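Structure at a glance
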Amino acid sequence: MLKLSKALKNKHSPDYKKILKNVIQNIDPNLLPLQQGLSLSSYVGKTPFSAVILKVSEDTNTVQIKAGIFYTGIISGCSCSDDPSPTDEQNEYCDLLFTIDKLTA
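The sections below set out a description of the structure shown in this document. (Residues numbered from 1 in each chain as written. Predicted model: local features only at pLDDT ≥ 70, side-chain atom pairs only at ≥ 80, totals over all residues. Heavy atoms only, no water.)

Further remarks concern the overall build of the chain. Looking only at helices and strands, the chain features one helix and four strands. Of all 105 residues assigned to the chain, the portion counted as buried reaches 31%. Partitioning the contacts of the chain with sequence separation of at least 6, the portion at a separation of at least 24 is 63%. By element, 53% of the accessible surface of the chain is carried by carbon and sulfur atoms, the whole surface being about 7,100 Å². (Helix = DSSP H or I, 4+ residues; strand = E, 2+ residues; numbered from the N terminus. Buried < 20%, exposed > 50% of the residue type's maximum accessible area, 1.4 Å probe, protein only. Contact = heavy atoms within 4.5 Å. Areas by Shrake-Rupley, 256 points an atom, 1.4 Å probe, with all protein chains shown as cover.)

Right, let's talk about the pattern of salt bridges for a bit. According to the stated counting rule, one finds two salt bridges in the structure shown. Linking E58 and K11 is a salt bridge whose minimum nitrogen-to-oxygen distance equals 3.4 Å. Taken as a pair, E58 in strand β2 (residues 50–58) and K11 in the segment before α1 (16–25) lie far apart in primary sequence, 47 residues in all. Residue classification places E58 among the partly exposed positions, given a relative accessible area of 40%. Of the residues examined, K11 reaches a relative accessible area of 25% and is grouped as partly exposed. (Salt bridge = Lys/Arg side-chain N within 4 Å of Asp/Glu carboxyl O.)

Judged by side-chain polarity, V52, L54, F70 and Y93 come together as a nonpolar surface patch covering roughly 330 Å² of accessible area. For V52, the position within the fold is in strand β2. (Patch = residues over 30% accessible without salt bridge, like charges linked within 9 Å, V, L, I, M, F, W, Y side chains within 5 Å.)

Right, let's get into the side chain of T72. Looking at the secondary structure, you find T72 in strand β3 (residues 62–75). T72 sits in the buried class, given a relative accessible area of 8%.

Two strands pair when backbone bridges link them, and β2 and β3 are joined in this way by eight bridges, in the antiparallel orientation. The partner of S50 across the bridge, within β3, is F70. (Pairing = 2+ DSSP bridges.)

Written out as structure tokens, the structure reads:
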């Protein structure tokens, strides 16, 4: 489970979306469900992902952050030694919803 305590700080700052973007982009991509979001490729690529904050809302117990994630996927060949197809990256996109408990982050 992710701890996003930095995402709870400065909630009323005019730069809050920038803060959230930096927090999300610093998450280890292996901890995000990017593989499930692939639509054009087979495996998540190694190119760093970028985030766009689409919506921030909160209730008494949680902060919800909807983020658009831009990343790459790999279309892999057969992995044979004589396979002529190069490793090709495709741009991918998915929406993620982060729900942060205000008490435990």
